[in-house]
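Overview (structure and organization)
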Amino acid sequence: MAQSGTLLLIMAIAVLAPLLAHAANRRIPVPLVIFEILLGVLVGPDVLGWATAHEESIDVLSDLGLAMLIFLAGYEIDFAAVRGGTLHRSLAAWAISLAAGLGIAYALADGRATASFVIGTALTSTALGTILPVLRDSGNLRGPFGTAVLAFGAVGEFGPVIAMAVLLSGRRPGQATLLLLAFAAVTAAALWWASRPRRPWFSEMVERTLHTSGQFAVRFVMLLLAAMLGLSRVFGLDILLGAFAAGVLTRLVLRGAAPESRGEVLGRIEAIGFGFLVPVFFVVTGIEFDLDALVDDGRPLLLVPAFLALFLVVRGIPLYVLAPRGFHRRDRAALTLYGSTCLPLVVAITTIGLDDRAITTGEAAALVGAALVSVLVFPPAALGLRPGARGDAAAGGRPPADQETSESW
């Protein structure tokens, strides 16, 4: 199929998926991304063959969708609330996960060091961008629980990115660390700039063009995103770091320059992301899933439940143990399930592993397959543990964008 036909098919799936999710949610809550991914697998080359992977323009849109997903995840994190004990617990949980993941992966990979880096790092990831729509739509993004999920998820999202930059970049660890520090220094300078008060003309331009074709605020946010993506490329780092930093910068800029309008501005950014780019990423993920490599050999298929269990063991147990004080068992279990949900980084990490010939196509397919199952199983199970949140969301809707979460532990 031509690229234009593939894009048309992807957008048709993007329209069909919320209809199926709405129908399914009458009986059981199923994340929207499940339908987007599974429909992508259905139309992909291994099933119906209506769409093919690795078309240049589609790949570009998919990469932008992943960047927008991580950008919005970065925007949602309130670092004024995620501090102190919560941050320390998040970092400790991920450090334990990394040590456990690398050790278990080393045994699974029969002592192949590079393969253990790939598999072990993948086991420590959390799909914050993937569960973010689920948290928002269900009302679980509010209050202490939402802040905890964002804190643990943020570390689980970008801890593996940093590990990838150090362990899987092909550079020496010392050189990779220096590049990360340089990027961090530039980002810190940008955060200091973003936190400074904006000149009056900036706020006036935001208000004046908010309902015109000028859309100054939206264009400025897109400039920030493009600049941070470009900066991450200059330093030879993954674009996920740049996208996350851009989300944090945008939150600071809009909070200081346009507190009354930032909810509406964010709504327009989300329309671009969740209305177009993000669905493209998830559908393309399904199209590019190597189903043949998973089912042709018995071992990869057996690895799927093994990896799924390891997501819970390696990533989930530290989350349960180090959850904020005062969380009862159901909240701890829900945090464990959300934190063990993974997909985008597993796809990125396995892609790097395949390019470096560190892992086999079967191992990559098994990891991605287990990540797909985690998205299918874990969020609905977590929603079942906190049913009251859905009712709150339905009654009150999403909290105003200018309402800052202030809980910390």
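Overview of the structure. (Residues numbered from 1 in each chain as written. Predicted model: local features only at pLDDT ≥ 70, side-chain atom pairs only at ≥ 80, totals over all residues. Heavy atoms only, no water.)

**A few points about unusual backbone geometry**
At Asp110, a position not held by glycine, the phi torsion is positive, near 55°. Positionally, Asp110 belongs in the loop between helix H4 (85-108) and helix H5 (113-122). The phi dihedral of Arg357 is positive, around 55°, even though this residue is not glycine. Considering the arrangement of structural elements, one finds Arg357 in the loop between helix H16 (344-355) and helix H17 (361-385). (Helix = DSSP H or I, 4+ residues; strand = E, 2+ residues; numbered from the N terminus.)

**Structural notes on the layout of surface pockets**
In this structure, the largest pocket spans a volume of roughly 1000 Å³. Around the largest pocket, the lining is made up of 34 residues, and of these Val347, Ala348, Thr350, Thr351 and Ile352 lie nearest the centre. Elements with a minimum of two residues in the lining of the largest pocket: helix H3 (56-76), helix H7 (143-167), helix H11 (239-257), helix H12 (262-287), H16 and H17. Considering each element in turn, the lining of the largest pocket owes the most residues, seven residues, to H16. (1 Å grid on protein atoms, 1.4 Å probe; cavity = no way out; pocket = protein on both sides within 12 Å on 5 of 7 lines; lining within 4 Å. Points joined across faces, edges and corners; volume = space filled by probe spheres on them.)

**Structural notes on the nonpolar core**
In this structure, Met68, Phe71, Phe282, Phe307 and Tyr338 are the most contacted members of the largest nonpolar core, which totals 131 residues. Here the element with the most residues in this core is H11; it accounts for 13 residues. Leaving out residues up to four positions away in the same chain, Phe71 has contacts with Val221, Leu225, Ala243, Ala246, Gly247, Thr250 and Ile269. (Core = buried A, V, L, I, M, F, W, Y, C linked by side-chain atoms within 4.5 Å. Buried < 20%, exposed > 50% of the residue type's maximum accessible area, 1.4 Å probe, protein only. Contact = heavy atoms within 4.5 Å.)

**Describing the pattern of salt bridges**
In the structure shown here, the tally under the stated rule is three salt bridges. Close ionic contact of Arg268 with Glu264 constitutes a salt bridge, the shortest N to O distance being 2.8 Å. With Arg268 and Glu264 both in helix H12 and four residues apart, this pair spans about one turn of that helix. Given a relative accessible area of 24%, Arg268 falls into the partly exposed group. Between Arg299 and Glu363 there is a salt bridge, with its nearest N and O atoms 3.9 Å apart. (Salt bridge = Lys/Arg side-chain N within 4 Å of Asp/Glu carboxyl O.)

**Looking at the environment of Val218**
One can find Val218 in helix H10 (residues 216-234). According to the relative accessible area criterion, Val218 is buried, its value standing at 11%. Along the sequence, Val218 and Leu337 sit 119 residues apart, while their C-alpha atoms lie 34 Å from each other. Leaving out residues up to four positions away in the same chain, Val218 has contacts with Arg268, Ile269 and Ile272.

**Re helix H9 (residues 200-209)**
Within H9, burial applies to Phe202, Val206 and Thr209. Taken around the axis of H9, the buried residues stretch over an arc of 95°, which confines them to a single face. Across H9 from its buried face, at more than 90 degrees, point the exposed residues Pro200, Trp201 and Arg208. Tucked inside the fold, the buried residues of H9 contact H10 and H11. (Arc of directions from axis to C-beta.)

**Comments concerning the packing of aromatic side chains**
For the coordinates displayed, the defined rule picks out ten aromatic pairs. Aromatic pair Trp201 and Phe202: ring centres 5.8 Å apart, planes at 65°, arrangement edge-to-face. Look at Phe202 and you get buried, because its relative accessible area is 6%. Three or more aromatic residues joined by ring pairs make a cluster, and in this case those are Trp193, Trp201, Phe202, Phe216 and Phe220. (Phe/Tyr/Trp six-rings, centres within 6.5 Å; stacked < 30°, edge-to-face > 60°.)

**Side note on the side chain of Arg315**
Relative to the assigned elements, Arg315 resides in helix H14 (residues 298-321). One buried charged residue, Arg315, remains without a salt bridge, the closest side chain of opposite sign being Glu157 at 9.4 Å. A polar contact of 2.9 Å, which involves the side chain of Arg315, links it to the side chain of Thr126. If sequence neighbours within four positions are ignored, Arg315 has contacts with Ala93, Trp94, Ser97, Leu123, Thr124, Ser125, Thr126, Phe152, Gly156, Leu310, Gly339 and Ser340. (Lys, Arg positive; Asp, Glu negative; His and termini not counted. Polar contact = N/O pair within 3.5 Å; in protein donor to acceptor, adjacent residues only side chain to side chain.)

**Examining a nonpolar patch on the surface**
A contiguous nonpolar surface patch, about 350 Å² in accessible area, is contributed by Val15, Leu16, Leu19 and Leu20. Within the fold, Leu16 resides in helix H1 (residues 3-24). (Patch = residues over 30% accessible without salt bridge, like charges linked within 9 Å, V, L, I, M, F, W, Y side chains within 5 Å. Areas by Shrake-Rupley, 256 points an atom, 1.4 Å probe, with all protein chains shown as cover.)

**Re the side chain of Ser97**
Mapped onto the secondary structure, Ser97 falls in helix H4. A distance of 2.7 Å separates the side chain of Ser97 from the backbone oxygen of Val314, its partner in a polar contact. With residues up to four places along the chain from it excluded, the contact list for Ser97 reads Thr124, Val314, Arg315 and Pro318.

**Structural notes on H14**
The end-to-end C-alpha distance of H14, which contains 24 residues, comes to 35 Å, matching closely the 34 Å that a straight helix rising 1.5 Å per residue would cover. By the largest-angle criterion, Arg315 marks the main kink of H14, which is about 40°, and a proline, Pro318, follows within four residues. Within H14, the full set of buried residues consists of Pro300, Leu303, Val304, Phe307, Leu308, Leu310, Phe311, Val314, Arg315, Gly316, Pro318 and Leu319. Buried residues belonging to H14 abut H4, H5, H7, helix H13 (291-295), helix H15 (329-340) and H17. (Expected span 1.5 Å × (residues − 1). Bend = angle between axes of the 7 residues up to and from the residue.)

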